[in-house]
Amino acid sequence: MTTTDLSPAPGPTVAAPAVRLTGVGKAFGATYAVKEVTLDIRQNEFFSILGPSGCGKTTLMRMITGFEEPSEGTVELGGAPATGVPPHKRDLNMLFQSYALFPHLSVRDNVAFELKVRKHPRAAIADAVRDALALVRLDGYGDRAIAQLSGGQKQRVAIARALIGRPSLLLLDEPLGALDQKLRAEMQLELKKLQREVGVTFVTVTHDQEEALTMSDRIAVMDGGRVLQVDTPEAIYERPATRFVADFIGTSTFLTGVLEAGGLAVRGLGVLPVPGAGGAAGAAGAAGAEVHLAVRPENVTVAATAEELPTGAVALPATLQQTVYLGHATRYHLTLADGSELLAESGGADRSGLSAGERVWAGWDPERSRVLAE
Ligand SMILES: Nc1ncnc2c1ncn2[C@@H]1O[C@H](COP(=O)(O)OP(=O)(O)OP(=O)(O)O)[C@@H](O)[C@H]1O
Ligand SMILES: [Mg+2]
């Protein structure tokens, strides 16, 4: 039997993701640098890959560029399979971890390099270089030698050079790694602004959580070759999926116990309330499972008496070990009855009147804590 399908094509058509990774893994010998990575990077997104040194960030980027073929899984670019497509045939550019400018060429010749290799007409190259330099706010720097530039300016030249061929996708591996803290913070805002202006999908790699939070639309957090969570900066911070994420992004302290009907039973501390209307029922993990309660220091209050804690707060006796002034806040290092450590924080200088060695009370709103199964 034959049928004729007269129904319209399925629609509306959604733009294909800029990058789709499906079950991607890379083994070097017997060890995996990247394992089972499945994620989409959307068109025009500022996407960051965040994780500690050696977790597989560069390897993952190199598989997107084609400098490395996955041992397992597939890479799609703009909806088309990228397997077997060499790097120069992919509609992307990559700024390497140690971005190398040609030191003997001027700013202009560095930026023009790709278009010259591709034998674009001279006038078109001159226009493109002027536009690219304006984009990175280096108008008038074309004749300068690379050696006459500051670190931040060199960085901008490298970005202009990477953008001049107008790739749909730009991969930047630790783009601000060589810069000092203050310049880094400035360039983070500039990069984000630039990305909005050019409308190119940016994928950056960083091991700096603040940088990822500042620049990204979404962040993938990696550890040990795996992607643990992909989400917006706010969701990653407020709702970390695992203990590693809760600790790597910002600071958390963890109380480990077993979920039961009334909350989390922690040996030596009793049963602590957990977030969610139904107590433990609303939390991650089944009753009887060992889980971690993650609490951020900025959500923990310390006081001389339990009565001084906010109403509705969990109240635990503690010993104040140390008070550390951080400038924008004061951090209190506490030990609880079971010997575990808890961090508390309050804005600005210390006004608690408490001193080290003192018996105090620590408390937090259970809704501001988070139950993590792993
Ligand atoms: N060509 C290679 N041969 C063998 N092992 C490799 C190769 N490239 C990377 N690795 C290993 O794979 C792991 C991940 O390396 P990768 O460079 O991707 O890490 P990274 O997250 O970029 O780290 P960093 O932040 O230090 O740049 C490391 O253990 C590294 O030693
Ligand atoms: Mg790297």
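No experiment lies behind these values; they were computed from the predicted model shown. (Residues numbered from 1 in each chain as written. Chains lettered and ligands numbered in written order. Predicted model: local features only at pLDDT ≥ 70, side-chain atom pairs only at ≥ 80, totals over all residues. Heavy atoms only, no water.)

### Some remarks on the pattern of salt bridges
Stated formally: The salt bridge criterion pairs a side-chain nitrogen of Lys or Arg with a carboxyl oxygen of Asp or Glu, the two atoms within 4 Å. Only DSSP runs of H or I with at least four residues qualify as helices, and only runs of E with at least two residues qualify as strands; both kinds are numbered from the N terminus onward. Type-normalised accessible area, obtained with a 1.4 Å probe on protein chains alone, sets the label of each residue: buried when under 20%, exposed when over 50%, and partly exposed for intermediate values.
Tallied over the entire structure, the rule returns 18 salt bridges. With a shortest N-O distance of 3.6 Å, Arg 184 and Asp 208 are connected by a salt bridge. A residue pair is termed long-range when its members are at least 10 positions apart, and Arg 184 in helix 5 (residues 181-198) and Asp 208 in the loop between strand 8 (201-206) and helix 6 (209-215) qualify at 24 residues. Since its relative accessible area comes to 9%, Arg 184 is described here as buried. Of the charged contacts in the structure, one is a salt bridge between Arg 331 and Glu 345, with a shortest N-O distance of 2.8 Å. Pair noted here: Arg 331 is in strand 17 (residues 329-336) and Glu 345 is in strand 18 (residues 341-347), with a separation of 14 residues, a long-range link. Each of the two residues, Arg 331 as well as Glu 345, counts as buried. Bridged by salt links that share partners, the residues Lys 26, Arg 62 and Glu 68 form one connected network.

### Here we look at the site of ligand 1
Formally: Put simply, a residue is near a molecule or strand once any heavy atom of it comes within 4 Å of that molecule or strand. The definition of a polar contact used here is a pair of N or O atoms within 3.5 Å, where within protein one atom must be able to donate a hydrogen and the other to accept one, and adjacent residues in sequence count solely through side-chain atom pairs. Areas reported here follow the Shrake-Rupley algorithm with a probe of radius 1.4 Å; residue values treat only the protein chains shown as occluding.
Looking at ligand 1, there are eleven residues lining it, with Ser 53, Gly 54, Lys 57, Thr 58 and Thr 59 nearest. Taking Lys 57, its side chain carries an N or O atom lying 2.7 Å from an oxygen atom of ligand 1. Take Thr 58: an N or O atom from its side chain is 2.8 Å from an oxygen atom of ligand 1. Calculation on ligand 1 without its partners gives an accessible area of 640 Å², and the protein chains cover 56% of this total. Tallying contributions element by element places helix 1 (residues 57-65) first for the shell around ligand 1, with three residues.

### What about the sheet that holds strand 12 (residues 263-266)?
Under the convention used in this document: Two strands qualify as a pair provided DSSP detects at least 2 bridges between them. Fitted lines through C-alpha atoms give the axes, limited to the stretch in contact for helices. The angle between two N-to-C directions lies from 0 to 180 degrees.
Reading across from one edge, 13-12-11-14-20 is the order of the five strands in this open sheet, with antiparallel pairing throughout. Every interior strand has two partners, whereas the edge strands, strand 13 (270-272) and strand 20 (369-372), have only one. Neighbouring strand axes in the sheet, compared pairwise and without regard to direction, differ in orientation by 45 degrees on average. As paired elements, strand 14 (residues 290-295) and strand 20 share four bridges and run antiparallel to each other. If you follow Leu 293 over to strand 20, its bridge partner there is Val 371.

### Quick notes on the environment of Glu 114
For Glu 114, the location among the structural elements is in helix 2 (residues 107-117). The class for Glu 114 is partly exposed, based on a relative accessible area of 23%. The sequence separation of Glu 114 and Leu 163 amounts to 49 residues, and the corresponding C-alpha distance is 9.9 Å.

### Focus on the confidence of the model for the protein
Filter applied, for reference: The quantity called pLDDT is the predictor's confidence in a given residue, expressed from 0 to 100. We call two residues in contact whenever any of their non-hydrogen atoms come within 4.5 Å of each other.
Summary statistics for the protein give a mean pLDDT of 91 and a share of 93% for residues scoring 70 or more. Contacts for the low-pLDDT stretch residues 278-282, under 50 throughout, to residues beyond four places or in other chains number six contacts.

### As for unusual backbone geometry
Phi is positive for Asn 44, which is not a glycine, with a value near 65 degrees. Tracing the sequence through the fold places Asn 44 in the loop between strand 2 (31-41) and strand 3 (46-50). For Asn 44, a relative accessible area of 43% corresponds to the partly exposed category.

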